[in-house]
Amino acid sequence: MEWETVIGLEVHVQLSTQSKIFSGASTAFGAEPNTQACAVDLALPGTLPVLNEEAVKSAIKFGLAVNAEICRESVFERKNYFYPDLPKGYQTSQMDAPIVGPGWLDIQLESGETKRIRIHHAHLEEDAGKSLHEDFHGMSGIDLNRAGTPLIEIVSEPDMRSAEEAVAYLKKIHSIVTYLGISDGDMSQGSLRCDANVSVRIKGTDELGTRTETKNLNSFRFIEKAIQLEAQRQIDVLEDGGSITQETRLYDSERNEGRAMRSKEEANDYRYFPCPDLLPVAIEQSLIDELKATLPELPDAKQERFQSEYGLSAYDAGILTSERAIADYFEAVAKAAGDAKLAANWVMVELMGRLNKEGIEFSETPVSAEQLGGLIQRIRDNTISGKIAKQVFEALWNGEGDSADAVIEAKGLKQMSDSGELEKMVDQVLADNPDQVEQYKAADEGKRKKMLGFFVGQIMKASKGQANPGMVNQLLNKKLG
Amino acid sequence: MHSKTLRELADGLDSGQFSSEELTRHFLARINEHNPTVNAYITVMEEQAIAQAKAADARRANGKASVLDGIPLAHKDIFCTEGVRTSCASKMLDNFIAPYNATIVEKIATAGMVTLGKTNMDEFAMGSSNETSWYGPVRNPWNTDCVPGGSSGGSAAAVAAGLAPASTGTDTGGSIRQPAALCNLTGLKPTYGLVSRYGMIAFASSLDQAGPMTRTAEDSALLLQAMAGFDEKDSTSLKRDIPDYNATLNDSLEGKVIGVPKEFFAEGLSDEIATKVRDALAEFEKQGATLKEISLPHSHLSIPCYYVIAPAEASTNLSRYDGVRYGHRCENPQDLADLYTRTREEGFGDEVKRRILVGTYALSAGFYDAYYRKAQRIRRLIKQDFIEAFKEVDIIAGPTSPNPAFGIGEKVNDPLTMYLEDMYTIAVNLAGIPGLSIPAGLVDGKPVGLQLIGKDFCEAELLNAAHRFQLATDWHQQTPAAFA
């Protein structure tokens, strides 16, 4: 029997506003516990929420970026449940009238095809605090610094059919929110996390199977693994003649295991109702128009432009536009280097390969775009060979010089293009290897080509790699006849 | 000094008859003497009050902060006062020292007034008799076997007994007007959004509104002037110009049309109250106003509508009292569920629990449409009744409460009868419009209140009518003999 996995994601994105969604407290990450929670965040008696306009603007920008309708009068509701890190005993969220209505985005599949994923809606809400379970001797600590941080929750339709598609969708959301500058997208700090609704069905059928919801996945890798694991678990249960229980599950990344948290019967009745402390959010068309005009070039448009303007393949353009920081970096390198294809190659292969190997975020790159651009320029004008360029790159990576030129100068890596000097070197190599010269002369055309490599190698060795390979070839051909 | 109005006290301070400190010490002495009987105050702020009075006296030499500078008053214990216990008359907040001032506390302090203390009330403002307080019932100075009304019962009794010249109250379904009626005061519930709710502990957010409780309409105008105004910390407060409430107090009532809803004189109203209210209406006719019978056809739905919406909002407003961050926490909780259950079991009184249960039920999955959504629809019909009526009349008038003060313990175990006490006041909160109760006579030595209801933001019009009425009558000047 062939099974099909059906996935819908609820993605939580923390907005990078200066202050919280309903109070003036700072949203900065990493402060001492409870130092960034004001009277409103602590839910002191008598306190009232005041909506942060920046959070509204961020949500509108997101809505525009995913081709969605913006709700002209969205409503905040109270989602009621008790938990120690939820100070008011309710989360202020949106239910019936979310700020962002139905929309969509496109993802690219491995096959190169494009697939459209529908977004059901996106709404604004406040984040909860954190419960700390270590070091409190049988009690729990509560840190309310995060309480009230603005979030948008983006709810997709169940349009994804594999863990890979889910990851591609999530990466697209990540790139959109970081392009828009509405979130830092830092998953390690919880700025972007998601719940995965997973069900399986026999391929070819239309009806959706019973789904489970796996909570709080906070890395692309965990999401992929958790979904694969859960889909396989469901298939195993069904193939054994069992049935799926609608439940909330947790994914343990250390053990790569999923486990049930609570069933539908145990689920909270959140008793949503409109928050009487907040008026409906009236949004004027003029504000929408104004924000539309400020939207940056988004990933899809940039990818297309990179293909047409720089002649890159769809794949390369896709990689280079996956993050705004990468795209901006690439464009700066291309401009400084004067050769986009060479720039694309160096950014993707040398730089990103190295960052990946060392586990360094792109934003932390030790080699600046100006430095890399300068390096490529020196390849183009034959000051250095491609091979030497890698040495220069290594030096720049290690901070051994401010620019490629400085490194080349300091290390004396300039390519030898002086024909007089090169000729002396060629003569010396030929004089030192009379047997090989004899063999070469006796050989036919096919063998000669191979043997030429020997002389080139010797000359490069003698020149410590600095001899201009084109000129060496020319000279050898001349001398050896 | 303790039977003078705010206006008279302001004149006395201006003419040097007495200082703010003398005035404050006088009230503190009276509180010391009479509060054990009346139980109007939960917390007396003696030291702070004297310091504030001294500061006011010092200020006066260089020009006073406002006409009210140096005059004492009492705040209902629902308003947060920095550094002072703010209990909402609940065991849950018995140990809660507010770290900040409510906006109206701040505004009144800026006007230079001296805070004598925090007054008793029904727990979390839930009640009509001030019997649900964790600190015990308040006694009505007019008859100490009777209730003062509620929930602002301590604020009403304090002024009636001469333990404060004025006080602040809050009104969610009649909590300023009904105790004002039962204690012979002028009590104003302003238009929703006129006075900031920031720092006022929430009962039902869409209905709660703070207002002044005073001896006269003129005093009400003075105190409202200090309280009203937009507050950026309260998203439901409205940006609009605040009129000079004093300026129009003496305007003629000639040609005004006063609507008398027939539903307010039907079953449930005691005959003696009906007579007193009709007498009071006749006084308005004497002043040139015309009476016109009107109908508010959905009046009978206000109590059921209110007892869905108010508990629904309250049930979630009170979720924050969980024993985690402040307030009461049960001893040795075994786990999270135990912490919540015992903290709330021990910290809340019966009436508060009753309303949390009702509200939770009304918002539950499967019942929301039948209760909360339907109640919201009825609320719009009630508002519409008033909009229609105000097309024909300028002011609506009727009784404030169906009965005079009743005995302590008489209705406390019968919530449904108790809820009927607010049958004429609740619709005003549901509609968000202003309502004012003024003294209209005595029945068996107990005060009767006349309620005046106005259009949105027409407080000035209500205060004008009340002031003209008080110029022609002396009911408001009566004080309980035991506290002379």
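Residues numbered from 1 in each chain as written. Chains lettered and ligands numbered in written order. Predicted model: local features only at pLDDT ≥ 70, side-chain atom pairs only at ≥ 80, totals over all residues. Heavy atoms only, no water.

Okay, the overall build of chain B next. Per the secondary structure count, chain B includes 15 helices and eleven strands. Its C-alpha radius of gyration of 21 Å places chain B within 12% of the 23 Å reference for a compact globule of 484 residues. The principal-axis extent of the C-alpha atoms belonging to chain B is close to 65 × 55 × 45 Å. When each of the 484 residues of chain B is scored for burial, the buried share is 65%. Counting only contacts in chain B whose residues sit at least 6 apart along the sequence, the fraction spanning at least 24 positions is 76%. Within the structure as shown, chain B displays about 16,400 Å² of accessible surface, and the carbon and sulfur contribution to it stands at 50%. Distance between charge centres in chain B, computed from 46 positive and 60 negative side chains, equals 4 Å. (Helix = DSSP H or I, 4+ residues; strand = E, 2+ residues; numbered from the N terminus. Rg over C-alpha atoms; globule rule 2.2 N^0.38 Å. Buried < 20%, exposed > 50% of the residue type's maximum accessible area, 1.4 Å probe, protein only. Contact = heavy atoms within 4.5 Å. Areas by Shrake-Rupley, 256 points an atom, 1.4 Å probe, with all protein chains shown as cover. Lys, Arg positive; Asp, Glu negative; His and termini not counted. Charge placed at Lys NZ, Arg CZ, Asp CG, Glu CD.)

Residue and element names in this part refer to chain B. Under the UniProt annotation, the feature "active site" (unreviewed entry) is placed at Lys76, Ser151 and Ser175. Considering the C-alpha atoms alone, the annotated residues occupy 100 residues of sequence yet fold into one spot, their largest mutual distance being 11.2 Å. Here Lys76 shows up in strand β2 (residues 72-76). Residue Lys76 is classed as buried on the basis of its relative accessible area, which comes to 0%. Not counting residues within four places of it along the chain, the set of residues in contact with Lys76 comprises Lys118, Thr119, Met121, Ala125, Ser151, Ser152, Ser155, Thr168, Gly169, Thr170 and Ser175. On the secondary structure map, Ser175 appears in the loop between β4 (167-171) and α6 (177-182). By relative accessible area, which is 6% here, Ser175 ends up buried. Dropping the residues within four chain positions of it, Ser175 is found in contact with Lys76, Ala125, Gly127, Gly150, Ser151, Ser152 and Thr170. (UniProt positions renumbered as here; feature names shortened; annotations may be inferred.)

Strand order in the open sheet made by the three strands is β4-β3-β14 (chain A), with antiparallel pairing throughout. Every interior strand has two partners, whereas the edge strands, β4 (90-93) and β14 (273-274) of chain A, have only one. Pairing between strand β3 (residues 77-80) of chain A and β14 of chain A: two bridges, direction antiparallel. For Glu77 of chain A, the partnering residue across the bridge sits in β14 of chain A and is Pro274 of chain A. The sheet strands contacting helix α9 (residues 302-317) of chain B are β3, β4 and β14 of chain A, and the helix crosses β3 of chain A at an angle near 60°. (Pairing = 2+ DSSP bridges. Axes fitted to C-alpha atoms, helices over the stretch in contact; angles between N-to-C directions.)

Attention now moves to the nonpolar core. Across soluble globular proteins, you tend to see nonpolar side chains buried next to one another. By size, the foremost hydrophobic cluster in this structure holds 143 residues, and its most contacted members are Phe124, Phe386 and Leu452 of chain B. Ranked by the residues each element gives to this core, the list is headed by α9 of chain B, at nine residues. Excluding its chain neighbours within four sequence positions, the residues that come into contact with Leu452 of chain B are Phe284, Ile395, Ile396, Ala397, Pro434, Gly435, Leu436, Ile438, Leu462, Ala465 and Ala466 of chain B. By size, the runner-up hydrophobic cluster in this structure holds 103 residues, among which are Val11, Phe76, Leu180 and Met348 of chain A. (Core = buried A, V, L, I, M, F, W, Y, C linked by side-chain atoms within 4.5 Å.)

Okay, the interface of chain B and chain A next. The interface of chain B with chain A comprises 39 residues on the first partner and 32 residues on the second. Contact between chain B and chain A buries roughly 2,800 Å² in total, counting both sides, with carbon and sulfur atoms accounting for 58%. Counting the contacts that link chain B with chain A gives one salt bridge. Asp277 of chain A is the partner of Arg197 of chain B in a salt bridge, and the nearest nitrogen-oxygen pair spans 3.0 Å. For the side of chain B that touches chain A, the element with the highest residue contribution is α9 of chain B, accounting for four residues. Looking at side-chain class alone, the side of chain B that touches chain A contains 19 nonpolar, ten polar and ten charged residues. (Buried area = accessible area lost by both parts, 1.4 Å probe. Salt bridge = Lys/Arg side-chain N within 4 Å of Asp/Glu carboxyl O. Nonpolar A, V, L, I, M, F, W, Y, C, P; charged D, E, K, R; others polar.)

Our next topic: the packing of aromatic side chains. Any aromatic ring pair is given by two values, namely how distant the centres are and how the planes are angled relative to each other. Overall, the coordinates contain 29 aromatic pairs over all chains when judged by the stated rule. Taken together, the ring pairs connect Phe96, Phe124, Tyr321, Tyr326 and Phe348 of chain B into an aromatic cluster. Lying across the ring of Trp397 of chain A, Arg354 of chain A places its NZ or CZ 4.5 Å from the centre. Note that Lys411 of chain B overlies the ring of Phe406 of chain B, its terminal NZ or CZ placed 4.5 Å from the centroid. (Phe/Tyr/Trp six-rings, centres within 6.5 Å; stacked < 30°, edge-to-face > 60°. Lys NZ or Arg CZ within 6 Å of the ring centre and 35° of its normal.)

Quick look at unusual backbone geometry now. Among all residues save glycine, negative phi is the norm, and among peptide bonds the norm is trans. Residues and elements named next belong to chain B. In this structure, Ser151 follows Gly150 across a cis peptide bond, with omega equal to 10°. With respect to the helices, strands and loops of the structure, Ser151 is situated in the loop between β3 (114-119) and α5 (153-160). Non-glycine residue Ala125 carries a positive phi angle of around 65°. When you line up the elements, Ala125 lands in the loop between β3 and α5. The phi dihedral of Asn184 is positive, around 65°, even though this residue is not glycine. Within the secondary structure, Asn184 is located in the loop between α6 and β5 (186-189).

Further remarks concern a nonpolar patch on the surface. On the surface, Tyr361, Phe367 and Tyr371 of chain B cluster together into a nonpolar patch covering about 270 Å² of accessible area. Mapped onto the fold, Tyr361 of chain B is located in helix α11 (residues 350-363). (Patch = residues over 30% accessible without salt bridge, like charges linked within 9 Å, V, L, I, M, F, W, Y side chains within 5 Å.)

The next thing to look at is the packing of helix α12 (residues 419-432) of chain A against helix α15 (residues 469-480) of chain A. Packed helices, taken two at a time, are described by their axes: the angle between them and the distance between them. Residues and elements named next belong to chain A. For the pair α12 and α15, the least separation of the axes is 10 Å and the interaxial angle reads 55°. In this view, α12 runs oblique relative to α15, as classed from their interaxial angle. In this structure, the crossing between α12 and α15 has a hand that is right-handed. Counting all contacts with α12, which are made through Ser419, Leu422, Glu423, Val426, Asp427 and Leu430, the residues of α15 involved are Met471, Val472, Leu475, Leu476, Lys478, Lys479 and Leu480. Here the contact of α12 with α15 is composed, by residue class, of eight nonpolar, one polar and four charged. (Parallel < 35°, antiparallel > 145°, perpendicular 65-115°, else oblique. Left-handed = near helix turned anticlockwise from the far one by under 90°.)

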